[in-house]
Amino acid sequence: MILTLRRAVLAVVVLAAGGLLFAWSGLFNVAASTGHWPVTAWFLHWVMQNSVGTYAMLTVESPPDLDDPALLPAAAGHYATGCAYCHAAPGEPQGDVANAMTPPPPRLVDWLPHTDWSDKELHRIVEHGVKYSGMPAWPSLLRPDEVWGMVAFLRRLPEMDPATYRTLAYGEGETPPTSANPDFDAALADCARCHGVDGAGRSTVIPVIGGQKQPYLAATLRAYAEGHRASGIMQLAATKTTAPVLDLLAAHYAAARPAAASAPAGEGAPDPEMLAQGEAIATRGVPNRGVPACLACHGVDRPEAAHVPHIEGQHAAYLDRQLHLFREEERGGSPYWKVMAVAVHEIEDDEIAAVAAWFARQPRFGAPGTAAAEPAPEAGG
Ligand code: HEC
Ligand code: HEC
Ligand code: HEC
């Protein structure tokens, strides 16, 4: 008995020492060029599937309505920037370097129909990425809502024809004007895929930015680029260009006058009782819980309020999301973001829905005919 135990211990020590010696010798081949042995590929994928299944069950909350078409344009636009290079897209091949990775990223259009990932499992993969494979995590872990948009898109990807994909990911084929500054032109063409050249926004999860205050836009873009405001989609978009170009884009959108937001700002049927509650919060606040009247700051158009954004006529879904992020202290922004976080610290869910619905129904800022706060941008300079 003692003898066998001693032998077992010895065997373990010898095996461990042998393994270390092999690793130290450098004979194990880490070259990606040779690919994995089939058994290694199978084992790694099996470990990944088990891990994704367990963590999806433990950590991912239930999905929102994934059939909502408003989720698609921003997700498709982000897919074109951040995923298509590795995973291909309808009518678009994978990048050459992606093909040389080990493991090679699957062409999701053809691959996804052969998998049985649940919505929660796809969410887990896209939010956290996969170690030892090159599959990156979502740029912000504070935005599970954006990841749900991507899951909704991935669900539709296998049947999507190239023309539908192109429209979703690159916009309606609008040609941005050209200026003397090619960097600005390229950046504006990129923003316009989601926001339009006039800043109207292509769905209710993409905010209207045409006619927004220039100092707020400039500070916001800087905050995304530096990672102080959490959004996987906008952090990627803002880091694709330089700080001076971001300032020119802020000036461009501040001076823009969108004809109409492409989606109605106050979605759904208005509920008069809810709107009355929203109006009461906007004009009087919720005094017993220390929530101030929103219009004390948001209705003011003086230079001191340059970092208080216009929210009248903004999409209700967008306003609602931002208010939750502020309350949970998950949204940064301009140097004044904390002022807003304190204002809504004690606000409740039904109050958020009501005040968002009320603001969404007010005459929209930056509509044609209103004065531009800033002179037209000198984009050529
Ligand atoms: C640098 C290349 C790269 C980028 C960029 C990338 N991925 Fe991946 N992705 C991979 C690789 C490699 C795997 C395979 C992981 C494995 O099998 O262990 C993978 C796996 C996946 C899977 C699971 C497929 C399966 O069934 O095994 C999904 C879903 C996915 N990626 C979605 C995305 C999305 C959405 C984006 C963009 C937000 C993205 N990926 C960006 C490389 C990439
Ligand atoms: C792939 C789609 C996409 C692209 C490309 C994109 N945006 Fe956005 N943008 C969004 C979404 C979605 C949001 C909402 C993000 C959030 O919740 O913080 C947003 C938010 C913003 C905001 C914040 C508005 C506010 O009221 O606080 C600004 C400003 C902005 N974008 C400007 C730009 C500029 C400038 C570019 C080009 C450099 C750009 N965006 C590119 C989708 C996009
Ligand atoms: C004390 C002044 C103040 C009060 C009161 C206030 N806000 Fe704000 N609000 C701000 C500032 C400043 C910002 C900009 C934060 C940033 O830098 O991103 C902001 C941002 C917002 C945004 C984000 C808009 C966007 O485009 O992303 C929403 C939505 C908003 N406020 C709604 C409200 C509502 C609803 C109330 C009332 C319950 C309210 N605010 C009360 C100062 C205030």
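Structure's up top.
Starting afresh in each chain, residues are numbered from 1 along the sequence in its written order. Lettering of chains starts at A and numbering of ligands starts at 1, both following the order in which they are written. Only residues with pLDDT of 70 or above have their local features reported here, since the model is predicted, and side-chain atom pairs are shown and tallied only from 80 upward, although totals for entire chains, interfaces and linings are computed over all residues. With hydrogens and water stripped out, all remaining heavy atoms of the structure feed into the side-chain values.

1. Considerations on the pattern of salt bridges
Here, a salt bridge means any side-chain nitrogen of Lys or Arg that lies within 4 Å of a carboxyl oxygen of Asp or Glu. A full pass over the atoms with the stated rule returns 14 salt bridges. Of the charged contacts in the structure, one is a salt bridge between Arg289 and Glu348, with a shortest N-O distance of 3.8 Å. Here Arg289 is found in the loop between helix H14 (272-284) and helix H15 (295-298), whereas its partner Glu348 is found in the loop between helix H17 (337-343) and helix H18 (349-360), with 59 residues between them in sequence. The exposure class of Arg289 is partly exposed, given its relative accessible area of 25%. A residue is classified by how much of its surface remains accessible, and Glu348, at 39% relative accessible area, is partly exposed. Salt-bridge contacts for Asp349 lead to Arg327; the nearest nitrogen and oxygen are separated by 2.8 Å. Here Arg327 lies in helix H16 (residues 316-327) and Asp349 lies in helix H18, a separation of 22 residues in the sequence. Only DSSP runs of H or I covering at least 4 residues are called helices, and only runs of E covering at least 2 are called strands; the numbering of each starts at the N terminus. Buried means the residue's accessible area, taken with a 1.4 Å probe over protein chains only, is under 20% of the maximum for its type, while exposed means over 50%, and partly exposed covers the values in between.

2. Describing the coordination of the iron atom of ligand 3
For a metal bound by four donors in tetrahedral geometry, the ideal donor-metal-donor angle is 109.5 degrees, whereas six donors in octahedral geometry ideally sit at 90 or 180 degrees. Note: metal donors comprise N, O and S atoms at 2.8 Å or less from the metal (3.2 Å for Na, K and Ca); water molecules are not included, so apparent gaps in a site are possible. Bound to the iron atom of ligand 3 on the protein side are His298 (NE2) and Met340 (SD), at distances that span 2.0 to 2.2 Å. Around the iron atom of ligand 3, the 6 donor atoms are arranged such that angles at the metal cover 86 to 179 degrees; this shape is classified as octahedral. Taken together, the residues span a long stretch of sequence, with His298 in helix H15 and Met340 in helix H17 at a distance of 42 residues. Exposure class is identical for His298 and Met340. Each is buried. When four donors show all angles between 85 and 135 degrees the site is tetrahedral, when four or six donors have opposite pairs over 155 degrees and all other angles between 65 and 115 it is square planar or octahedral respectively, and in every other case it is irregular.

3. Quick word on the coordination of the iron atom of ligand 1
Binding of the iron atom of ligand 1 to the protein goes through His87 (NE2) and Met135 (SD), at separations of 2.0 to 2.1 Å. Viewed at the metal, the 6 donor atoms of the iron atom of ligand 1 are separated by angles of 86 to 178 degrees, and the geometry they form is octahedral. Note that His87 is positioned in helix H4 (residues 84-87) and Met135 in the loop between helix H7 (119-128) and helix H8 (144-156), a separation of 48 residues in sequence. Judged by its relative accessible area of 12%, His87 falls in the buried class.

4. Quick notes on the side chain of Ser140
Examined against the element boundaries, Ser140 turns out to sit in the loop between H7 and H8. For Ser140, a relative accessible area of 6% puts it in the buried group. Separated by 3.1 Å, the side chain of Ser140 and the backbone nitrogen of Leu142 make a polar contact. Not counting the four nearest positions on each side in its chain, Ser140 is found in contact with Ala230, Ser231, Gly232 and Gln235. Polar contacts here mean pairs of N or O atoms no more than 3.5 Å apart (in protein, one a potential hydrogen donor and the other a potential acceptor; neighbouring residues in sequence count only if both atoms are side-chain atoms). In what follows, residue pairs with any heavy atoms lying within 4.5 Å of each other are defined as contacts.

5. Quick notes on the side chain of Ser203
Along the chain, Ser203 turns up in the loop between helix H10 (182-195) and helix H11 (214-225). Taking relative accessible area as the criterion, Ser203 reaches 4% and is therefore assigned buried. Of note is the side chain of Ser203, whose polar atom sits 2.9 Å from the backbone oxygen of Ala70.

6. As for the site of ligand 1
We call a residue near a molecule or strand as soon as one heavy atom of that residue lies within 4 Å of the molecule or strand. As a structural note, the neighbourhood of ligand 1 is formed by 24 residues, with Cys83, Cys86, His87, Trp111 and Met135 the closest of them. Within the contact set of ligand 1, an oxygen atom lies 3.5 Å away from a side-chain nitrogen or oxygen of His45. With respect to ligand 1, the side chain of Trp111 contributes an N or O atom lying 2.6 Å from an oxygen atom. Because more than half of its atoms lie within 2 Å of the grid, ligand 1 is assigned to the second largest pocket. Contributions of two or more residues to the shell around ligand 1 are made by helix H2 (38-59), H4, helix H6 (108-111) and H7. Here a cavity denotes a set of grid points, spaced 1 Å apart and computed over the protein atoms alone, in which a 1.4 Å probe fits but from which it cannot get out, and a pocket denotes an open set meeting protein on both sides within 12 Å along at least five of seven lines; residues with an atom within 4 Å of a point are reported as lining. More than half of a molecule's atoms within 2 Å of the grid points is what it takes for that molecule to sit in a cavity or pocket.

7. Description of unusual backbone geometry
Residues Thr102 and Pro103 are joined by a peptide bond in cis, for which omega reads -5 degrees. As for its placement among the helices and strands, Pro103 is situated in the loop between helix H5 (96-99) and H6. You will see that Tyr132, though not glycine, has its phi angle at about 60 degrees, which is positive. Its place among the elements puts Tyr132 in the loop between H7 and H8. The exposure class assigned to Tyr132 is exposed, which follows from its relative accessible area of 73%. Notably, Glu329 is not glycine yet its phi reads approximately 55 degrees, a positive angle. By the secondary structure assignment, Glu329 is in the loop between H16 and H17.

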